[in-house]
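Chains, contacts and geometry: an overview
Single-letter residue listing:
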Amino acid sequence: MPPHSAVSVCHVLMLVLCLSAAEDFDWTKNNHGSFYYGTFPAGFSWGAGGSAYQTEGAWDKDGKGLSIWDVFSHKKGRVQQNDTGDSSCEGYYKIKDDVSLIKELKLNHYRFSISWPRIIPTGIKSDHINEKGIQYYDQLIDQLLDNKITPIVTLYHSDLPQVLQEKYGGWQNISMINHFNEFANLCFEKFGSRVKYWITFNNPWSVAVEGYETGEHAPGLKLRGTGAYRAAHHIIKAHAKVWHTYDTQWRGKQKGLIGISLSGDWGEPVDISNQKDIEAAERYVQFCLGWFATPIFYGDYPQVMKDFVGRKSAQQGLGTSRLPTFSPQEKSYIKGTCDFLGIGHFTTRYITQKNNPAVRSSSSYFTDRDVAELVDPRWPDPGSEWLYSVPWGFRRLLNFVKTQYGSPMIYVTENGVSEKMMCTELCDDWRIQYYREYINEMLKAVKDGVNVKGYTAWSLLDKFEWDEGYSERFGLYYVDFRNKNKPRYPKASVQFYKRIISSNGFPNQREVENWRRKAVESCSSSNQLLAADPLTSHMEMVTEIVVPTVCTLSILLCAIFLMFLLRRRN
């Protein structure tokens, strides 16, 4: 899930940029709008993904323990419409159905996460191991492998066992490192003979900032100026410990790889000739992606983070920096703990310098950065209010990773776009456009020499979107959440993505344009199928019919009103 929320949006200012200014931001010879026809290297891996809490449902079934998201979402007012992930997509009961969708897409890999409280209910291994939870993931992994689909498994995707939050304070407490290592070690033991790609953490930025700084995500704590830094510090050390556990105990016999998935926007200077804007844009990326990547590749936090947080802490009268420090031994232990780097990316911002006063009462991660985020209002924004489609930023971010971290092996672990609309719409032309342009920018990055080995569309299914509930849909497949059976329906983007996969890229202009036309044609019949689903209850059918009718009536009323105005003029 993207590292954004309503608070992030509050930090975004609108900037009207003239058309000529856009040309000033080019750092390659290619125009922002140019399209490159070509294919990816042989063996490039195509996939899609999801996560445990967002898709599985069965929140209290078969011995599963409570997660922080179970508790958080059950508190009124925390999530849009008070939605919860209690049933979500019912993925727990639909392994065969969902694997058949993955197979239909002809994906090479599927990325999912293991729910820590589903296999260790309290999070503490010595308390109890839930065999039914292990059996569920056994079945999922076996079904994928039986269909020649490679599992890419995330160990932590936001769903900390609630007992660990209540007993220790969650990621604020150093004890999480050993508990997480025991959980990971159990996963390696039970699944490692079949799983060859492991991801320790998904988007630790969101876990730290939205969980412990702004409180918008579980566990909902607002420890401004300290909480995010402390949580991140323990997460980085937990990642390193798990990497070393795999490296010393399991790699020799299991022959797998272990990495981390970091999410980040690209930050582009508002004024490319202004040194302060250039520095602010780099700082923006370093405070998000670099916060975690720099320790993992080089052993310590980015110098700019240490400088800015340290200086602001001193100005606030604090004796030490609010950003924790690593000991020399820890730096050596953390450095190099990454076999591959997962990159989640969705959007871009223009960045400019903004001086925030160093006041202790208002200290926060956001004010520490001294940046202002701006967007071009011409950028398409079909879904989430934070998610603008800015494809050229993707190529730049990938090249930044190549340059900054010594050309690591990269798997794109999340990339996609949402929609937010009243009417059911399977003809998701904007998603086709987003995937077409973002995947093409990734292809250009590969041509630049960036070592991208695979791509994961986010996401396979519509699902629970954290504090946004079910109000936003990222899926290639539409899920009817009002129906207890949670049927899935292919959107037009399914057909388009499927053709990119089968061609391993974009062979020529005529063929790619034909894909789009055929994909949009295919969705009209799917829309009819959705409206006539025999599994849908009478009440749900009424809703399905009424909502499009309301949309249609609105259009008709507008037309009638315009005709009335025109007649009055005449």
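Presented here is an overview of the structure given in this document. (Residues numbered from 1 in each chain as written. Predicted model: local features only at pLDDT ≥ 70, side-chain atom pairs only at ≥ 80, totals over all residues. Heavy atoms only, no water.)

1. A word on the pattern of salt bridges
Counted according to the given criterion, the structure contains 31 salt bridges. Measuring nitrogen to oxygen at the nearest pair gives 2.7 Å for the salt bridge that ties Asp 70 to Lys 64. You'll find Asp 70 and Lys 64 in the same group, each marked buried. Its salt-bridge partner being Arg 378, residue Asp 376 comes within 2.4 Å of it at the nearest N-O pair. Classification of Asp 376 by relative accessible area gives buried; the value is 2%. (Salt bridge = Lys/Arg side-chain N within 4 Å of Asp/Glu carboxyl O. Buried < 20%, exposed > 50% of the residue type's maximum accessible area, 1.4 Å probe, protein only.)

2. Things to note about the sheet that holds strand β3 (residues 45-49)
The strand order β3-β4-β5-β6-β7-β9-β12-β13 describes a closed barrel built from eight strands, whose pairing is parallel. Taken pair by pair, the neighbouring strands of this sheet meet at an average axis angle of 25°, ignoring direction. Bridge count for strand β6 (residues 197-202) against strand β7 (residues 257-263) is four bridges, and the pairing is parallel. Looking across to β7, one finds that Asn 202 is bridged to Ser 261. (Pairing = 2+ DSSP bridges. Helix = DSSP H or I, 4+ residues; strand = E, 2+ residues; numbered from the N terminus. Axes fitted to C-alpha atoms, helices over the stretch in contact; angles between N-to-C directions.)

3. Focus: empty space enclosed by the protein
Summed over the entire model, instances satisfying the criterion amount to seven cavities of 30 Å³ or more. Approximately 170 Å³ is the volume found for the largest cavity. Lining the largest cavity are 20 residues, with Thr 55, Asp 98, Tyr 110, Tyr 136 and Leu 140 positioned closest to its centre. Residue assignment for the lining of the largest cavity shows that the elements contributing at least two residues are α3 (52-55), α5 (95-104), β4 (109-113) and α7 (131-146). Of all the elements, α5 adds the most residues to the lining of the largest cavity, at four residues. For the lining of the largest cavity, the per-class residue count stands at 12 nonpolar, five polar and three charged. (1 Å grid on protein atoms, 1.4 Å probe; cavity = no way out; pocket = protein on both sides within 12 Å on 5 of 7 lines; lining within 4 Å. Points joined across faces, edges and corners; volume = space filled by probe spheres on them. Nonpolar A, V, L, I, M, F, W, Y, C, P; charged D, E, K, R; others polar.)

4. A few points about helix α13 (residues 303-315)
In this model α13 runs 18 Å from its N-terminal to its C-terminal C-alpha over 13 residues, within 8% of the 18 Å that 1.5 Å per residue would give. Residues of α13 that are buried: Met 305, Phe 308, Val 309, Lys 312 and Ser 313. Projected onto a plane normal to the axis of α13, the buried residues spread over an arc of 125° and lie on a single side. The secondary structure elements touched by the buried residues of α13 are α11 (227-254), α12 (275-298) and α15 (365-368). Within two residues after α13, Gly 317 carries a phi angle of roughly 85°, on the positive side. (Expected span 1.5 Å × (residues − 1). Arc of directions from axis to C-beta. Contact = heavy atoms within 4.5 Å.)

5. Overview of helix α17 (residues 429-448)
An α-helix turns once every 3.6 residues. As a result, residues three or four positions apart point the same way. Its 20 residues place the ends of α17 29 Å apart at the C-alpha level, agreeing with the 28 Å of an ideal helix rising 1.5 Å per residue. For α17, the tally of buried residues reaches 14 of 20 residues, placing the bulk of the element in the interior. Taken from the residues just after α17, Gly 449 is the one with a positive phi, measuring 105°.

6. Focus: the pairing of strand β10 (residues 348-353)
Pairing analysis gives four bridges linking strand β8 (residues 266-269) to β10, with the strands arranged parallel. Bridge pairing links Glu 268 to Tyr 350 in β10. Pairing analysis gives four bridges linking β10 to strand β11 (residues 371-375), with the strands arranged antiparallel. Among the inter-strand pairings, Ile 351 is bridged to a residue of β11, identified as Glu 373.

7. Things to note about the packing of α11 against α12
Packed helices, taken two at a time, are described by the angle their axes make and the gap between the axes. Their axes nearest at 10 Å, the elements α11 and α12 cross at an angle of 35°. Where α11 crosses over α12, the handedness of that crossing is right-handed. Between α11 and α12, the residues in contact are Ala 228, Tyr 229, Ala 232, Ile 236 and His 239 and Phe 287, Trp 291, Phe 292, Pro 295 and Ile 296, respectively. The class makeup of the residues in the contact of α11 with α12 is nine nonpolar, one polar and no charged. (Left-handed = near helix turned anticlockwise from the far one by under 90°.)

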